[in-house]
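# A closer look at the structure
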Amino acid sequence: MAEPATALKVLSIVGAGRSGSTVLASILGEAPGFASAGEIRWLWQRGVRERRPCACGRAPTDCPVWGPVVDATLDAVDRRDHGRALAEIIDAQSEIATLPHRLRVLRSPSVTTTSWRSLDVVRTAIGAACHSFAQVTDARVVVDTSKRPHDAAVVGALRDLDLYVVHVVRDPRAVAYSWCRDKTFTVAGQTRTMGTRRPASSARRWTSNSLGAEVLRRQVAQDRWLRLRYEDFCAAPADSYSAIMALLGEEGPSPFDGPDSVRLHPGHIVAGNPSRFEVGSVRIRVDEEWRQRMSARDQRLVGWSTYPLRLRYGYGSGGADD
């Protein structure tokens, strides 16, 4: 079957958590014809099952945008039993994310047919969710910040979606320090706290995500891949925005009202950093508190355990181990 002349574009932002992907998605969501979904991978477990709110403050099933998307996606998996469909999606996501299966998924974009039921279920769910979300929001570009490379690989196998990837990287020491800090936010009158991680765990996850991105890069056309350092994005956010628009072959007015400030409107980012709730004029600035507050011991631990990938991405100076 021939591909549609104008397939829906999906921009997958991959990279370690706490690397600025949520604020980047919020900015891109301001572009005409763009809709930022947030971390679609968490729509089912955290959004539908646990009823965690999207950026509008409502649970996805109560949200005017996500409600129809959830119904359409569950219909695509099992029209007769939405409860069974939800459980199957969550179980299938867990299975393909396990270490023994992850590499297989990363190499799967060139394989359009498979006898692997779990991968078929996830492909069906992500395809239906992206198309339904685009239809409800009248978007031609959907921004997904799921961040895990194998989730982007699932999109790459769907021939009615055009995958583009922005690989956001941040100094792993900064990532590890950010995960050590308690982060609270208030939504719908309730105060919530994000989970924390130990430096060693953050370093392992940063390395695993980076290695996955390097494998995924071989599956994506060179002109559809952009590596963006968090520090460069914060130093010149408007330029980074323009680079991503050029990658996608899109044009539109800039949402920036200053060299480092952007005006954000309410959106429907379904999961991600608490910054998804921010609206109004937002200033983009680099967070390098780790340089003064992170212990020398933790800097060395994370620095050495992420070598040489951190050097590959240009993080070879400015820390206790350098």
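For the structure, check the block above.
## Examining the environment of Trp-116
Within the secondary structure, Trp-116 is located in the loop between helix H5 (99–106) and helix H6 (117–137). For the pair Trp-116 and Ser-242, spaced 126 residues apart in sequence, the C-alpha separation works out to 39 Å. Every residue in contact with Trp-116, bar those within four places of it in the chain, is listed here: Glu-95, Ile-96, His-101, Arg-104 and Val-105. A polar contact of 2.8 Å, which involves the side chain of Trp-116, links it to the side chain of Glu-95.

## Digging into empty space enclosed by the protein
Inspection of every chain in the model, using the stated rule, returns 2 cavities of 30 Å³ or more. Approximately 120 Å³ is the volume found for the largest cavity. Taken together, 13 residues make up the lining of the largest cavity; nearest its centre are Arg-41, Gln-93, Val-122, Ile-126 and Asp-151. Listing elements by their share of the lining of the largest cavity, those giving two or more residues are helix H4 (82–97), H6, strand S3 (141–147) and helix H7 (149–156).

## Points about helix H3 (residues 66–78)
The end-to-end C-alpha distance of H3 is 18 Å, a good match for the 18 Å that 13 residues give at a rise of 1.5 Å each. For H3, the complete set of buried residues consists of Trp-66, Gly-67, Val-69, Val-70, Thr-73, Leu-74, Val-77 and Asp-78. Buried residues of H3, viewed axially, fall in a sector of 160°; they line one side. Those residues of H3 hidden inside the fold are in contact with strand S2 (34–38), helix H2 (43–49), H4 and H6.

## Some remarks on the packing of aromatic side chains
Counted according to the given criterion, the structure contains 4 aromatic pairs. Measuring from centroid to centroid gives 6.0 Å for Trp-206 and Tyr-313, while their planes differ by 70°, and the two rings are edge-to-face. Of the two residues, Trp-206 is situated in helix H9 (residues 199–217) and Tyr-313 in the segment after helix H14 (309–312); the sequence distance between them amounts to 107 residues. Taking the relative accessible area as the measure of exposure, Tyr-313 reaches 3% and is therefore buried.

## Focus on the sheet that holds S2
A sheet is described by the order of its strands in space; here 5 strands give the open sequence S2-S3-S1-S4-S7, paired in parallel fashion. The two strands at the open ends of the sheet, each matched to only one other strand, are S2 and strand S7 (225–229). Shown here is a sheet whose adjacent strand axes are inclined to one another by a mean of 25°, direction ignored. As defined by bridge partners, strand S1 (residues 8–14) adjoins S3 across 5 bridges and the pair is classed as parallel. Note that in S3 the partner of Val-10 across the bridge is Val-142.

## So, the side chain of Arg-18
Counting through the fold element by element, Arg-18 comes out in the loop between S1 and helix H1 (21–28). No salt bridge is formed by the buried Arg-18; its nearest oppositely charged neighbour, Asp-287, is found at 8.1 Å. Polar contacts involving the side chain of Arg-18 include one to the main-chain carbonyl oxygen of Ser-178, which spans 2.6 Å.

## Description of the packing of H4 against H5
Two elements in contact, H4 and H5, have axes whose closest approach is 5 Å; the angle formed by their N-to-C orientations is 90°. Relative to H5, the element H4 is oriented roughly perpendicular. Residues Glu-95, Ile-96 and Ala-97 of H4 touch H5, and the partners they reach there are Leu-99, His-101, Arg-102 and Val-105. Its residues assigned to classes, the contact of H4 with H5 shows 4 nonpolar, 1 polar and 2 charged.

Reading the values: the criteria
Residues numbered from 1 in each chain as written. Predicted model: local features only at pLDDT ≥ 70, side-chain atom pairs only at ≥ 80, totals over all residues. Heavy atoms only, no water. Helix = DSSP H or I, 4+ residues; strand = E, 2+ residues; numbered from the N terminus. Contact = heavy atoms within 4.5 Å. Polar contact = N/O pair within 3.5 Å; in protein donor to acceptor, adjacent residues only side chain to side chain. 1 Å grid on protein atoms, 1.4 Å probe; cavity = no way out; pocket = protein on both sides within 12 Å on 5 of 7 lines; lining within 4 Å. Points joined across faces, edges and corners; volume = space filled by probe spheres on them. Expected span 1.5 Å × (residues − 1). Buried < 20%, exposed > 50% of the residue type's maximum accessible area, 1.4 Å probe, protein only. Arc of directions from axis to C-beta. Phe/Tyr/Trp six-rings, centres within 6.5 Å; stacked < 30°, edge-to-face > 60°. Pairing = 2+ DSSP bridges. Axes fitted to C-alpha atoms, helices over the stretch in contact; angles between N-to-C directions. Lys, Arg positive; Asp, Glu negative; His and termini not counted. Salt bridge = Lys/Arg side-chain N within 4 Å of Asp/Glu carboxyl O. Parallel < 35°, antiparallel > 145°, perpendicular 65-115°, else oblique. Nonpolar A, V, L, I, M, F, W, Y, C, P; charged D, E, K, R; others polar.

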